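# Results of the structural survey
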Amino acid sequence: MKAIILGGGVTGCAAARELSAKKYDVTIIEKNNYLGGGCHTFFWGGHPYTEGPRPFHVENEKIFNYINEIVPMRLFHLYLDTYIEKDRNFYSFPIHWDDIQLMPDKEKILRELDNLPKCNDATNLEDGWLNSVGPTLYGKYVKTYTEKMWEVDSNKVFEDFSWSVKGRPIQKGDRTVELAIGKPNHAYPIEETGYNRFFDFCVKDAKVILGKTIEKVDLEKKIVYLDNEKIRADIIISTIALDDLMENTYGELRYMGRDFYPIVLPVEYAFKDGHHFIHYPNTEKYTRIVEYKAITGHKSPYTLLVMEVPSHSNKLYSYNIKSEKEKAMLYLNNLPKDVYAVGRLGTYRYLTIGQCFENVWELMGKLN
Ligand SMILES: Cc1cc2nc3c(=O)[nH]c(=O)nc-3n(C[C@H](O)[C@H](O)[C@H](O)COP(=O)(O)OP(=O)(O)OC[C@H]3O[C@@H](n4cnc5c(N)ncnc54)[C@H](O)[C@@H]3O)c2cc1C
């Protein structure tokens, strides 16, 4: 059986690994001249980095081992900060009870917290946060960050909390982002090249075509047209955007992307106490700055920061909005026989790296 995989990110590579194990004859096509999508490790001034911090959420042992058996991983607690310009101060994220005590408007915040509704029956992200932390904390940490991240006028357009720290808006004690206090549940490859060797391992038995953008696919006949070449298969597994795959048949899907700006500073560490990234929820154009050494463990007398600016130069984030999700379902429900869509772009869902693997494993259960 022949399989063509469209897209060589995390999902496409995992699909190649699984299909090769099932003895499929696999061809994987990727538009970049490297594998891994945003999880590919690049170097800037000798410092390794990825596009966006990609520490691995260890959802369970099977997921962890899937990478760890190929590239050994280091486990750690993830620490985030937020810079509140109005307060001229850095605070932890998730919002921490001890930080509230340091805020100039502490009394007002405490009054708001005392007057929160007993039951949070909000039907959108903004009301969900207002009901959880009140207007002042929502304004400081979430409102502008989320609006600029998604280029929306109001966070009421989002139907739930999937982009927030659900159910745990204010934290006490431990300051990590882990839900399971005590046990670190973030991991990152120990080697300098990050996940790269994992991607190479996944495709070792496949034919890999790099640097080719897929523009035309006959899904019914399972033919991919590349330049003057026609590649035929028995099944197609797509990890590319659904609207690109089906030539906008049901309309364009809405995405947000990001531009990444690397900056080297002449200090060993810029962030305090090994913190990994800082959110900027004020009127600055950027949303987040990441200190990569804290994630990669790279040793250098200097440090690399990468600033993230929301943009439309790439498709990275699908919108958690009813109309867009319904449009994505139209695409998914109309895929011809033996064509499967998986992964983050493929399903139009915000999936973590581990969830992309689970998505592939679920599909493999359905194939011979
Ligand atoms: C900024 C950011 C930070 C993240 N941080 C984390 C994190 O810390 N931890 C975590 O677990 N998850 C994180 N995620 C989510 C996780 O990284 C993704 O879910 C995962 O990498 C998606 O993999 P994928 O293969 O499904 O999609 P992609 O990585 O998007 O792969 C799709 C591939 O298809 C290629 N492609 C697209 N169109 C075409 C075409 N027409 N022709 C040929 N090739 C094409 C692309 O170049 C890409 O390589 C983050 C996501 C983002 C955007």
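Residues numbered from 1 in each chain as written. Predicted model: local features only at pLDDT ≥ 70, side-chain atom pairs only at ≥ 80, totals over all residues. Heavy atoms only, no water.

Once that is clear, we can look at the sheet that holds strand β19 (residues 288-291). Taken together, 7 strands build an open sheet; the order of strands is β8-β7-β18-β19-β20-β17-β21 and the sheet is mixed. The strands lining the two open edges of the sheet, one partner per strand, are β8 (89-93) and β21 (317-318). Bridge count between strand β7 (residues 80-84) and strand β18 (residues 277-279): 3 bridges; the pairing is parallel. Bridge assignment links L80 to a residue of β18, and that residue is F277. (Pairing = 2+ DSSP bridges. Helix = DSSP H or I, 4+ residues; strand = E, 2+ residues; numbered from the N terminus.)

If you trace the backbone, N155 turns up in the loop between α5 (125-150) and β10 (170-171). Look at N155 and you get buried, because its relative accessible area is 0%. Discounting chain neighbours no more than four positions away, the residues touching N155 are N124, L125, E126, Y138, V142, K143, T146 and E147. (Buried < 20%, exposed > 50% of the residue type's maximum accessible area, 1.4 Å probe, protein only. Contact = heavy atoms within 4.5 Å.)

Looking now at the nonpolar core. Within the largest apolar cluster, 105 residues are counted, with the highest numbers of intra-cluster contacts made by L6, L19, I237 and F357. The element contributing the most residues to this core is α5, with 9 residues. In contact with F357, not counting residues within four places along its chain, are V10, A14, F56, I63, Y66, I67 and F198. The next biggest cluster of nonpolar side chains, apart from the first, holds 7 residues, and it includes F271, I278, Y280 and V309. (Core = buried A, V, L, I, M, F, W, Y, C linked by side-chain atoms within 4.5 Å.)

Take the site of the ligand next. Not every one of the 32 residues close to the ligand is listed here, only the nearest: T11, E30, R54, P55 and L351. Take N32: an N or O atom from its side chain is 3.2 Å from an oxygen atom of the ligand. R54 places a polar side-chain atom, nitrogen or oxygen, 2.7 Å from an oxygen atom of the ligand. Secondary structure elements with two or more residues in the shell around the ligand: α1 (10-21), α10 (343-347) and α11 (353-366). For the shell around the ligand, the leading source of residues is α10, giving 3 residues. (Near = heavy atom within 4 Å. Polar contact = N/O pair within 3.5 Å; in protein donor to acceptor, adjacent residues only side chain to side chain.)

A surface patch of nonpolar side chains, amounting to about 300 Å² of accessible area, comprises W44, V264 and Y302. Secondary-structure assignment places W44 in strand β3 (residues 42-44). Among the residues examined, W44 registers a relative accessible area of 43% and is labelled partly exposed. (Patch = residues over 30% accessible without salt bridge, like charges linked within 9 Å, V, L, I, M, F, W, Y side chains within 5 Å. Areas by Shrake-Rupley, 256 points an atom, 1.4 Å probe, with all protein chains shown as cover. Salt bridge = Lys/Arg side-chain N within 4 Å of Asp/Glu carboxyl O.)

This part takes up the pattern of salt bridges. By the definition in use, this model includes 20 salt bridges. A salt bridge links K140 to D87, with the nearest nitrogen and oxygen atoms 2.6 Å apart. A residue pair is termed long-range when its members are at least 10 positions apart, and K140 in helix α5 and D87 in the loop between β7 and β8 qualify at 53 residues. A relative accessible area of 5% means that K140 is categorised as buried. D87 gets classed as buried once you look at its relative accessible area, which sits at 12%. Residue K143 pairs with E147 through a salt bridge whose shortest N-O separation is 3.0 Å. Here the residue K143 and the residue E147 both occupy positions in helix α5, the gap between them amounting to 4 residues, near one helical turn. When its relative accessible area of 13% is taken as the criterion, E147 is described as buried. A network of salt bridges, in which partner residues are shared, links K86, D87, D105 and K140.

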